[in-house]
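What follows is the residue order along each chain.
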Amino acid sequence: MTPSNIKYRIGKSRGFQVLTITLAFACVIPLLAILGFIIEAGITKINWHFLVNVPKPVGETGGGIANALLGTLIIILVAALIAIPIGILCGVYLSENKKSRLAYWSRLCVDILQGVPSIVVGIVAYFWLVKPLGGFSALSGSVALAIMMLPIVIRSTEETLKLLPDTLKEAAFALGMPFHRVILKVIIPCGISGILSGVMLSIARVAGETAPLLFTAFGNPYLSANLTKPMQSLPLLIFNYATSPYNDWHDLAWGASLILLVFVLMLNIFTKLITRKWKVQL
Amino acid sequence: MESTIIKSIDYNAYFGDNHVVKNVNIEIPKNHVIAVMGPSGCGKTTFLRGINRMHELIPNATAKGKILLNNEDVMEMHPIFVRLKIGMVFQRPNPFPNLSIYDNVIAGYKLNGIKLPKAEKDQIVEESLTKVALWKEVKDSLTKKGSFLSGGQQQRLCIARAVAMQPEVLLFDEPTSALDPISTSTVEELFHELKKNYTLIIVTHNMQQAARVSDRTAFFYVGELVEYDDTKRMFTNPRDIRTQNYITGRFS
Amino acid sequence: MDTSSMDKDLITLSNASLGVISPVKTADSLKIRQRLRRSYRQIKTENVFRRVLVLMGWVMVVLVLGILFTLVLESVPSIRALGAGYLWGKTWDPVQDVYGAYPFLLGTLLTSFLALIISIPFSIAVAIFLGEYYPEGWLPNLLKNTVELIAAVPSVIYGFWGLAVLVPIVRGWETKLGVQPVGVGILSSSLILAVMIIPYAASLGRSMIQMVPSPLKEAAYSLGATRWEVIRSVIIPYTKSGLFAGILLSLGRALGETMAVTMVIGNTSIIPKNIFSPGNTMASVIANEFTEADKPVYLSALIELGLVLFLVTVVINMIGKRVISRFTNE
Ligand SMILES: Nc1ncnc2c1ncn2[C@@H]1O[C@H](COP(=O)(O)OP(=O)(O)OP(=O)(O)O)[C@@H](O)[C@H]1O
Ligand SMILES: [Mg+2]
């Protein structure tokens, strides 16, 4: 082996390292570009008026996104109310029954559900709720979103509970606690940080979902809190107004984008920070 | 003269097809300390967990035979009642990490949804912690989490937790094997005290410990109860050759 | 626990609450009796709770089967009317009642694979950087969290940003290259998709690379290998199935992604001629035309696309998960 050969190899190694680092950090650029652009385009649009008014018809300037804000909150709240109990209990079932056949199939279905494209969930929710109920409704949108939240909540619950030592459960059983109290009073409280982070991540994930709402919640230019009627939501508003040809509407969409983006990113970051603190010391 | 509190009749335990405890017949007198000994894997833990029906929590685990608690078969009772009357302390201290020391002691009430007036709770906590000689050490930090205590303190906390339920029998599975010598002797001293109110069944690998604390010793070998006798007699004059070998350290 | 054993419990309960309380004081005995009465109620709840848990296990199975069943059922009119040729049909013209899915299949495959090709170098670089070069420290940690945030940005925002920023840029390129400058199209969609799917392969790849046993690496180093040689001849071969799985998961995401693509692909149902042409993917055509589909066969044809999408993503995800679990069990 000649020295020059070694030098060449070292150089090549260095070169590759530089290339890797460059490419790795290049990934951040689009995110920063999007953040920067949306902040710049959106920040000037947001004011009190913007938050408490509904959109004006085409041609009139001004107007706000109050209907979308309220709608997003309602739709997500209802979705969470559906998905959280089912998701946590299903996660408990899976972690309690590691080997049963039903658990195997159930786990497989959770995996499948996690990969189902959101538009497909929208189609299904349309046939399960919109058609039978005779019209678009916020409730059907919530159900669609709940279906998308389930796998995240279930998985994080299962993973969290699996890590809890068996001795904990035995301690509880040995005190004569019935099964449901062991789960509800000991197991779930001890895994609460992991479960909550799953719940919050699932909310963050569906908060920006548009596709499942297209054929369910549908959108509504007016303020509405009626679960059985169409309802506006932030992502729907952004989609509809962004693809419209009117500049006033684009402005509304930029403001709405900023709010949605900040909400979703905050939820993500907040989850990471806070779950570390809540963690129960084992 | 002394009344029997626990009596097993042809008790058998299985893990699937694996026959782990074979035809055990044993009578345990009230307010005594019984040591359970035997080589590793001979079924001591399994037998012990059979007494308060923790055995069946393991998937595939089954049991046959009778275990009488005050002449009532625990196999016919609901496990919850059994466990309310027969407390258990584990090899590794396992206080509830999400509860304070105070709440750990009354966990059996609190987590079972039994509401007690504050004064009564205070009384139970103080009494139980006093019984396990922990009250002085922790009375100023009752609101701290139980997992902040030392290993020995945690183990005593777990004993207090079991004692607080006023059981009749307390089961210990190698309660000191995870503790340092000083904590071990504190816990051993406890046994003498606890014996006044409870019947103690203690699985242990430590022969000196068995000799020190127990009134009677049961020797298990490959799932069978080989010998069960007065501790002194057993250690000085074992009848079965297997017991003899074990005691003299010929196998472990 | 069945009902007969429940009855037995009831009997034992009464026995227990009467008999056992031997040496205890009367106040205590009252307490114990209360406790037992409570416990009886608990047993009932316990059994209900167990059933509820099993029910939850079933809910997931029923949900997924229900999705499949609904998609199949609603696709039946289209399958009947159009047959298997539907998937290869080159024209999509609902006004003339002509339905062919080929333009969308092609559009989906083009955008997804192009996105994959663009994103792979970046996601692998992130994986190697975080998994091998700098697994710890605040800067790598920041990078890791930032890359994860890429997945958190709502797709409708990617779409909007793409429409406002990326499409004009692409239009500029097209003008320079002398193709028709539309901006929207396959390329714009692929670029947006490429960004969106980076985190999936990156984070999986990172954890796989971190699982490479250090004795393997040390053996190579002790033979005088450079870092790059260790990466190329130890780490990559060892983790290749894991990296492959990560890429599959990214692909699954890309195939099903709807909104961002819908907003920048141009939405024409003509077969794309090259990567600059506008087009449609399966997901985007559903998003665009579902609420407008006024004829049963039209609607059903769209749902059949959804069914195909569902099946394809399920298969891809299942393969990916299999590969991962095989890798992690080894
Ligand atoms: N959860 C389980 N599943 C299947 N088999 C088990 C399980 N636990 C124990 N066994 C088997 O049952 C037998 C007895 O185990 P047990 O734990 O009762 O032994 P032990 O006497 O307590 O041993 P040690 O002194 O090591 O604690 C062992 O041979 C073991 O292989
Ligand atoms: Mg044991």
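Predicted model, so just to flag it, every value in this text is computed and none were measured.

## With respect to the overall build of chain C
Then step 1. When helices and strands are tallied, chain C shows eleven helices and zero strands.
Then step 2. Helices and strands appear in chain C in the N-to-C order α-α-α-α-α-α-α-α-α-α-α.
Then step 3. Expressed as a percentage of its 330 residues, the buried residues of chain C come to 54%.
Then step 4. Relative to all contacts within chain C whose residues are 6 or more apart in sequence, the contacts with residues 24 or more apart total 71%.
Then step 5. Entry remark: accessible area of chain C is about 14,700 Å², with carbon and sulfur atoms responsible for 65%.

## What to know about the packing of helix α10 (residues 282–289) of chain C against helix α11 (residues 296–329) of chain C
All names here are of chain C.
Then step 1. In contact at an axis separation of 9 Å, α10 and α11 are set at 145° when each is read in the N-to-C sense. In this structure, α10 crosses over α11, and the sense of that crossing is left-handed. Contacts from M282, A283, V285, I286 and E289 in α10 reach Y298, L302, L305, G306, V308 and L309 in α11.
Then step 2. Tallied by class, residues from the contact of α10 with α11 come to nine nonpolar, one polar and one charged.

## So, the nonpolar core
Then step 1. Counting 238 residues, the largest nonpolar core has I119 of chain A together with I6, F96, L129 and I201 of chain B as its most contacted members.
Then step 2. Here this core takes 14 residues from helix α4 (residues 66–96) of chain A, the largest share from any one element.
Then step 3. Ignoring anything within four residues of it in the chain, the contact list for L129 of chain B reads V105, L134, W135, V138, L142, L157 and A160 of chain B.
Then step 4. Counting residues in each nonpolar core, the second largest holds 25 residues, with F16 and V28 of chain A together with V230 and V234 of chain C among its members.

## Concerning the interface of chain B and chain A
Then step 1. Each partner contributes to the interface: chain B provides 23 residues, whereas chain A provides 19 residues.
Then step 2. Interface of chain B and chain A: buried area, both sides summed, is about 1,800 Å²; carbon and sulfur atoms make up 67% of it.
Then step 3. One can count one salt bridge joining chain B with chain A.
Then step 4. Across the contact surface, chain B and chain A share five residue pairs in polar contact (both at pLDDT 80 or more).
Then step 5. Listed by contribution, the elements that provide at least two residues to the side of chain B that touches chain A are α2 (79–85), β6 (86–89), α4 (107–110) and α7 (151–164) of chain B.
Then step 6. It is α2 of chain B that provides the largest number of residues to the side of chain B that touches chain A, a total of three residues.
Then step 7. Each residue belonging to the side of chain B that touches chain A can be placed in one class, and the counts come to 14 nonpolar, six polar and three charged.

## As for a nonpolar patch on the surface
Residues and elements named next belong to chain C.
Then step 1. A cluster of nonpolar side chains, contributed by L65, L68, V72 and L311, occupies part of the molecular surface with about 310 Å² of accessible area.
Then step 2. In terms of residues, the nonpolar patch owes the most to one element, helix α2 (residues 26–82), which gives three residues.
Then step 3. As for its placement among the helices and strands, L311 is situated in helix α11.

## Considering the layout of surface pockets
Then step 1. Counted as a void, the second largest pocket has a volume near 1,000 Å³.
Then step 2. As for the second largest pocket, its lining consists of 31 residues, and the residues nearest its centre are E96 of chain A together with E56, L57, I58 and P59 of chain B.
Then step 3. Those elements that provide at least two residues to the lining of the second largest pocket are α4 and α8 (166–174) of chain A, α2 of chain B together with α2 of chain C.
Then step 4. Considered class by class, the residues forming the lining of the second largest pocket number twelve nonpolar, seven polar and twelve charged.

## Description of the site of ligand 1
Residue and element names in this part refer to chain B.
Then step 1. The environment of ligand 1 is formed by F15, V20, S40, G41, C42, G43, K44, T45, T46, I58, E174 and H205.
Then step 2. One nitrogen or oxygen atom from the main chain of G43 is found 3.0 Å from an oxygen atom belonging to ligand 1.
Then step 3. Between ligand 1 and K44 there is a distance of 2.7 Å, counted from an oxygen atom to a side-chain nitrogen or oxygen.
Then step 4. For ligand 1, the accessible surface in isolation is 630 Å², of which the surrounding protein chains cover 62%.
Then step 5. By residue number, the principal contributor to the shell around ligand 1 is helix α1 (residues 44–51), which donates three residues.
Then step 6. Class assignment for the residues of the shell around ligand 1 results in four nonpolar, six polar and two charged.

## Considering the packing of helix α5 (residues 155–177) of chain C against helix α6 (residues 186–210) of chain C
Residues and elements named next belong to chain C.
Then step 1. α6 packs onto α5 with a crossing angle of 130° between their chain directions and a minimal axis gap of 9 Å. Judged by the angle between their axes, α5 and α6 are oblique. When the axes of α5 and α6 are compared, the crossing they make is right-handed. On α6, the residues that touch S155, Y158, W161, G162, L166, V167, V170 and W173 of α5 are L187, S188, L191, I192, V195 and M196.

## A few points about unusual backbone geometry
Note: most peptide bonds trans; most residues except glycine with negative phi.
Residues and elements named next belong to chain B.
Then step 1. One non-glycine residue, R53, adopts positive backbone phi at about 60°.
Then step 2. Positive phi, normally seen in glycine, also occurs at V222, with a value near 45°.
Then step 3. With respect to the helices and strands, V222 occurs in the loop between β9 (216–221) and β10 (224–230).
Then step 4. Residue class for V222 comes out partly exposed when judged on its relative accessible area of 45%.

## A few points about the state of the cysteines
Then step 1. Scanning the entire structure with this criterion turns up zero disulfides over all chains.
Then step 2. Cysteine C158 of chain B remains unbridged, with the sulfur of C190 of chain A as its closest cysteine sulfur at 13 Å.

## Examining the domain arrangement of chain A
All names here are of chain A.
Then step 1. According to the domain assignment, chain A contains domain 1 (3–43) and domain 2 (48–277).
Then step 2. Of note, the centres of domain 1 and domain 2, computed from C-alpha atoms alone, are 34 Å apart.
Then step 3. On the domain 2 side, the residues contacting the seven residues of domain 1 number six residues.
Then step 4. At the boundary of domain 1 with domain 2, total buried surface from both sides reaches about 570 Å², with 93% on carbon and sulfur atoms.

## Topic: empty space enclosed by the protein
Then step 1. By the definition in use, this model includes six cavities of 30 Å³ or more.
Then step 2. Considering only enclosed or pocket space, the largest cavity measures out at about 80 Å³ in volume.
Then step 3. In terms of lining residues, the largest cavity is bounded by A171, A174 and L175 of chain A together with R83, L84, G87, M88, F90, R161, A162, M165 and P167 of chain B.
Then step 4. Listing elements by their share of the lining of the largest cavity, those giving two or more residues are α8 of chain A together with α2, β6 and α7 of chain B.
Then step 5. Class assignment for the residues of the lining of the largest cavity results in nine nonpolar, one polar and two charged.

## A few points about the packing of aromatic side chains
Then step 1. Considering all chains together, one arrives at 26 aromatic pairs over all chains under this definition.
Then step 2. The interplanar angle of 80° and the centroid separation of 5.3 Å between the aromatic rings of F25 of chain A and F129 of chain C together place this pair among those described as edge-to-face. In this pair, F25 of chain A is assigned in helix α1 (residues 3–26) and F129 of chain C in helix α3 (residues 102–133), connecting two distinct chains.
Then step 3. For the pair F173 of chain A and F179 of chain A, a centre-to-centre distance of 6.4 Å together with 10° between the ring planes defines the contact as stacked. Residues F173 of chain A and F179 of chain A agree in their burial class; the two are buried.
Then step 4. Three or more aromatic residues joined by ring pairs make a cluster, and in this case those are Y126, F127, F136, F215 and F218 of chain A together with F290 of chain C.

## With respect to the pattern of salt bridges
Then step 1. With the rule as written, the count across this model stands at 24 salt bridges over all chains.
Then step 2. Of the charged contacts in the structure, one is a salt bridge between K118 of chain B and D122 of chain B, with a shortest N-O distance of 3.0 Å. Of this pair, K118 of chain B and D122 of chain B both sit in helix α5 (residues 118–131), four residues apart, which is roughly one turn of the helix.
Then step 3. Several salt bridges converge on common partners, so that one network encompasses R107, D111, R155, E158 and K162 of chain A together with K321 of chain C.

## So, the interface of chain C and chain A
Then step 1. Taken together, the contacts link 80 residues of chain C with 80 residues of chain A.
Then step 2. Measuring nitrogen to oxygen at the nearest pair gives 2.8 Å for the salt bridge that ties E148 of chain C to K272 of chain A.
Then step 3. If you look at where chain C meets chain A, you find twelve residue pairs in polar contact (both at pLDDT 80 or more).
Then step 4. Broken down by element, the side of chain C that touches chain A gets its largest block of residues, 22 residues, from α2 of chain C.
Then step 5. Residues of the side of chain C that touches chain A, tallied by class, amount to 53 nonpolar, 16 polar and eleven charged.

What counts and how
Residues numbered from 1 in each chain as written. Chains lettered and ligands numbered in written order. Predicted model: local features only at pLDDT ≥ 70, side-chain atom pairs only at ≥ 80, totals over all residues. Heavy atoms only, no water. Helix = DSSP H or I, 4+ residues; strand = E, 2+ residues; numbered from the N terminus. Buried < 20%, exposed > 50% of the residue type's maximum accessible area, 1.4 Å probe, protein only. Contact = heavy atoms within 4.5 Å. Areas by Shrake-Rupley, 256 points an atom, 1.4 Å probe, with all protein chains shown as cover. Axes fitted to C-alpha atoms, helices over the stretch in contact; angles between N-to-C directions. Left-handed = near helix turned anticlockwise from the far one by under 90°. Nonpolar A, V, L, I, M, F, W, Y, C, P; charged D, E, K, R; others polar. Core = buried A, V, L, I, M, F, W, Y, C linked by side-chain atoms within 4.5 Å. Buried area = accessible area lost by both parts, 1.4 Å probe. Salt bridge = Lys/Arg side-chain N within 4 Å of Asp/Glu carboxyl O. Polar contact = N/O pair within 3.5 Å; in protein donor to acceptor, adjacent residues only side chain to side chain. Patch = residues over 30% accessible without salt bridge, like charges linked within 9 Å, V, L, I, M, F, W, Y side chains within 5 Å. 1 Å grid on protein atoms, 1.4 Å probe; cavity = no way out; pocket = protein on both sides within 12 Å on 5 of 7 lines; lining within 4 Å. Points joined across faces, edges and corners; volume = space filled by probe spheres on them. Near = heavy atom within 4 Å. Parallel < 35°, antiparallel > 145°, perpendicular 65-115°, else oblique. Disulfide = S-S within 2.5 Å. Domains from an automatic or database assignment. Phe/Tyr/Trp six-rings, centres within 6.5 Å; stacked < 30°, edge-to-face > 60°.

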